[in-house]
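Chains, contacts and geometry: an overview
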Amino acid sequence: MNLIIFVVVATVLAINANAATVFFNVNQGVSGVTGKDFKDNKASFTETVQLAVADTLSGVTTSATVTGVNFVNQIVAGTGGDDGDDNGDDVGRRLSSTLTMQYIVQILDTTDAITVFTNVLQTAANDGTFENNLHNAATTTGANQMSNIAVDTNSFQSSNMMTKRGDSKRLTGTQITGLIIGVFMFLGVLGTLIAFIMSCSASTAAPAAADKSLEM
C-alpha cells in the first residue's frame, strides 16, 4: 500500500513540476474600426476579442484567458512621394496613422512552449481565420462595428511576458485521466505478480508436505 501511495504522489509531483502558466502579449494591425469605436464599446469589443482568441486556440488549449484588450492608434513613417510641386522635396517621408489591436494571453497549466500558441495565432491572422473568428464573435457579442474589422496580414507580433512554474496545484483533465490509468495499470501488474508468487509458493509447498508425510 505504501508503494502505491508513493507512485501516485511521485506522479502528481512530476506532472506539476512540468506544468507552467505562461503569459504573452500580442500586437496585431487592424482596420475597419477606430480607437473611438473601442472606447465607446469597450466591453463588447473586449468580449469579442476574448471569444475570437479562445476559438482560434481551441485546437491546442481550452485554458486561454485574454486580458488587457486595447486598440491603439500608432504613428508610423510613410515612404514619401510626389507632393505636386517642383521644389525637390518629394523624397521626404510622410507620417500616417495605423490602428493596432493589443491583448495579453494567459495559458494555465501547460507543458507546451509559448511558440505553440503564438504560431497558431499568427497563422490564423495571416490566412484569415482569426478575422473570421472576430466576425463570428462580434455577432455573438453584438459588437456591430467589429463585424467589419479587417486583420492586416503579416503584422502579427508577440512577445513573452512571464512563465510561472511550481505555483499551480491543479491537474488538467488529461493529466488526471493519465494518472488514473497509470495507477490501475500498476495495480494490475502488482496483482499479477503477487498471484504468480503465491502460486509458485503453493506448488513448492505441496510436494514438501507430501514427502514429510511419507517419512512419518
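Residues numbered from 1 in each chain as written. Predicted model: local features only at pLDDT ≥ 70, side-chain atom pairs only at ≥ 80, totals over all residues. Heavy atoms only, no water.

Further remarks concern the confidence of the model for the protein. For the protein, per-residue confidence averages 79 on the pLDDT scale, and residues scoring 70 or more make up 68% of the total. Predicted confidence is poor over residues 2-17, with pLDDT under 50, and the contacts of this stretch with residues over four places away or in other chains come to 16 contacts. (pLDDT = per-residue confidence, 0-100. Contact = heavy atoms within 4.5 Å.)

Moving on to unusual backbone geometry. Notably, Asn154 is not glycine yet its phi reads approximately 60°, a positive angle. Mapped onto the elements, Asn154 comes out in the loop between β4 (150-151) and β5 (157-165). (Helix = DSSP H or I, 4+ residues; strand = E, 2+ residues; numbered from the N terminus.)

One face of the sheet, then the other: side chains in a regular strand alternate in exactly this way. Burial analysis of strand β1 (residues 20-31) places nine of its twelve residues in the buried class, the great majority of the element. Bridge count for β1 against β4 is two bridges, and the pairing is antiparallel. By the bridge assignment, Ser31 is partnered in β4 with Ala150. (Buried < 20%, exposed > 50% of the residue type's maximum accessible area, 1.4 Å probe, protein only. Pairing = 2+ DSSP bridges.)

This next bit is on the side chain of Ser44. Within the secondary structure, Ser44 sits in helix α3 (residues 42-57). Residue Ser44 is classed as buried on the basis of its relative accessible area of 17%. In this structure the side chain of Ser44 is engaged in a polar contact, spanning 3.2 Å, whose partner is the backbone oxygen of Asn41. Beyond its immediate chain neighbours, meaning those up to four positions away, Ser44 contacts Thr141 and Ala143. (Polar contact = N/O pair within 3.5 Å; in protein donor to acceptor, adjacent residues only side chain to side chain.)

This part is about the packing of α3 against helix α4 (residues 114-127). Contact geometry for α3 and α4: axes closest at 9 Å, N-to-C directions at 110°. Considering their axes alone, α3 and α4 lie roughly perpendicular with respect to each other. Residues Val53, Thr56 and Leu57 of α3 lie in contact with α4, whose contacting residues are Phe117, Val120, Leu121 and Ala124. Here the contact of α3 with α4 is composed, by residue class, of six nonpolar, one polar and no charged. (Axes fitted to C-alpha atoms, helices over the stretch in contact; angles between N-to-C directions. Parallel < 35°, antiparallel > 145°, perpendicular 65-115°, else oblique. Nonpolar A, V, L, I, M, F, W, Y, C, P; charged D, E, K, R; others polar.)

Turning next to the nonpolar core. By size, the foremost hydrophobic cluster in this structure holds 33 residues, and its most contacted members are Val49, Val53, Phe71, Tyr103, Phe130, Leu134 and Met146. Put simply, the parts of the chain that give this core at least two residues each are β1, α3, β2 (64-77), β3 (95-110), α4 and α5 (129-141). Ignoring any residue separated from it by four or fewer positions in sequence, one finds Met146 in contact with Val33, Phe45, Thr48, Val49, Phe71, Leu134, His135 and Ala138. (Core = buried A, V, L, I, M, F, W, Y, C linked by side-chain atoms within 4.5 Å.)

For the rest of this paragraph, the subject is α4. The end-to-end C-alpha distance of α4 is 20 Å, a good match for the 20 Å that 14 residues give at a rise of 1.5 Å each. Along α4, the positions that sit buried rather than exposed are Ile114, Phe117, Thr118, Leu121, Ala124 and Ala125. End-on, the buried residues of α4 take up no more than an arc of 130°, which puts them together on one face. In the stretch just after α4, Gly128 is the one whose phi turns positive, near 95°. (Expected span 1.5 Å × (residues − 1). Arc of directions from axis to C-beta.)

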